[in-house]
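# A structural walkthrough
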Amino acid sequence: MTDKKKNGKQGCGSFNFQNWKAWSCKCHLVAIDIFTFKKLEDIVPSSRICDVPHVNRTDYQLIDISEDGFVSLLTDNGNPKDGLKLPTDDNLLTQEGFAEGKDLVVIVMSAMGEEQINALKDIGPK
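Every chain is numbered on its own, with residues counted from 1 as its sequence reads. A pLDDT threshold of at least 70 governs which residues receive local features in this predicted model, and a stricter bar of 80 or more applies before side-chain atom pairs are shown or counted, although totals over entire chains, interfaces and linings include all residues. Side-chain descriptors were evaluated using all non-hydrogen atoms of the structure, hydrogens and water having been removed beforehand.

This next bit is on the overall build of the protein chain. Only DSSP runs of H or I covering at least 4 residues are called helices, and only runs of E covering at least 2 are called strands; the numbering of each starts at the N terminus. The helix and strand tally for the protein chain stands at one helix and eight strands. When its helices and strands are written in sequence order, the protein chain yields β-β-β-β-β-β-α-β-β. In the protein chain, which comprises 126 residues, the proportion classed as buried is 35%. Considering only intrachain contacts with a sequence separation of at least 6, the fraction spanning at least 24 residues in the protein chain is 43%. Accessible surface area values rest on a Shrake-Rupley calculation with a 1.4 Å probe, where residue burial reflects the displayed protein chains alone. Of the roughly 8,300 Å² of accessible surface on the protein chain, a fraction of 51% belongs to carbon and sulfur atoms. Type-normalised accessible area, obtained with a 1.4 Å probe on protein chains alone, sets the label of each residue: buried when under 20%, exposed when over 50%, and partly exposed for intermediate values. Residue contacts are counted whenever heavy atoms from the two residues lie within 4.5 Å of one another.

Turning our eyes to something else, we now look at the side chain of serine 110. The residue serine 110 is located in strand S7 (residues 102-111) in this model. Residue serine 110 is classed as buried on the basis of its relative accessible area, which comes to 15%. Beyond its immediate stretch of four places on either side in the chain, serine 110 contacts Phe35, His54, Val55, Asn56 and Glu115.

On to the nonpolar core, then. Grouped together as the largest cluster of nonpolar side chains are 11 residues: Tyr60, Leu62, Ile65, Val71, Leu73, Leu84, Leu86, Leu104, Val106, Val108 and Ile117. For this core, the secondary structure elements donating two or more residues are strand S4 (55-65), strand S5 (70-74) and S7. To qualify as a nonpolar core, a set must consist of buried Ala, Val, Leu, Ile, Met, Phe, Trp, Tyr and Cys residues joined through side-chain atoms within 4.5 Å.

The next subject is the pattern of salt bridges. The salt bridge criterion pairs a side-chain nitrogen of Lys or Arg with a carboxyl oxygen of Asp or Glu, the two atoms within 4 Å. Tallying each qualifying case throughout the model produces three salt bridges. For aspartate 59, the salt bridge identified is with lysine 121, shortest N-O distance 3.7 Å. A residue pair is termed long-range when its members are at least 10 positions apart, and aspartate 59 in strand S4 and lysine 121 in strand S8 (residues 114-125) qualify at 62 residues. In this structure aspartate 59 comes out as partly exposed when scored by relative accessible area, which is 29%. Lysine 81 serves as the salt-bridge partner of glutamate 115, at 3.2 Å between the closest nitrogen and oxygen.

The subject of this paragraph is the confidence of the model for the protein chain. Do not read the predicted coordinates in detail wherever pLDDT is low. Residue-level pLDDT values for the protein chain average 76, and 69% of them are 70 or greater. Values of pLDDT, which run from 0 to 100, indicate the predictor's confidence residue by residue. Counting interchain partners and residues more than four positions distant, the pLDDT-below-50 stretch residues 1-6 has 17 contacts.

Looking at chain direction, S5 and strand S6 (residues 80-85) are connected through four bridges and run antiparallel. Paired with leucine 73 across the strands is lysine 81, a residue of S6. Being paired, for any two strands, means DSSP has found at least two bridges between them. What sits between S5 and S6 in their antiparallel hairpin is a turn of five residues, with glycine 78 showing a positive phi close to 90°.

Put into structure tokens, the structure is as follows:
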């Protein structure tokens, strides 16, 4: 987990405890970065304390998409939220759906000071 300080990680559920020597037990940790989807592995002593990032998932209503790909979102309390860019992933491109007048909800994952749009939901016409 060399990028642990910069990015949030999602555990894959692959934790192997191996007794390498009679006095030393090691843990093999496997994780997937939730922002880049890279697989990361690390072997640490079982006595070491490992930090686990706190990951939040928040739903926002999509208000507008600018020409450069940045979105305007509406929070639950009615305040606007700006500064997130729409991913270039083909599954998430919604310029057409938004232009057709569909009401969309954006799912944002945040961890360790970083935020990214991960999914979109169509909740019906406006």
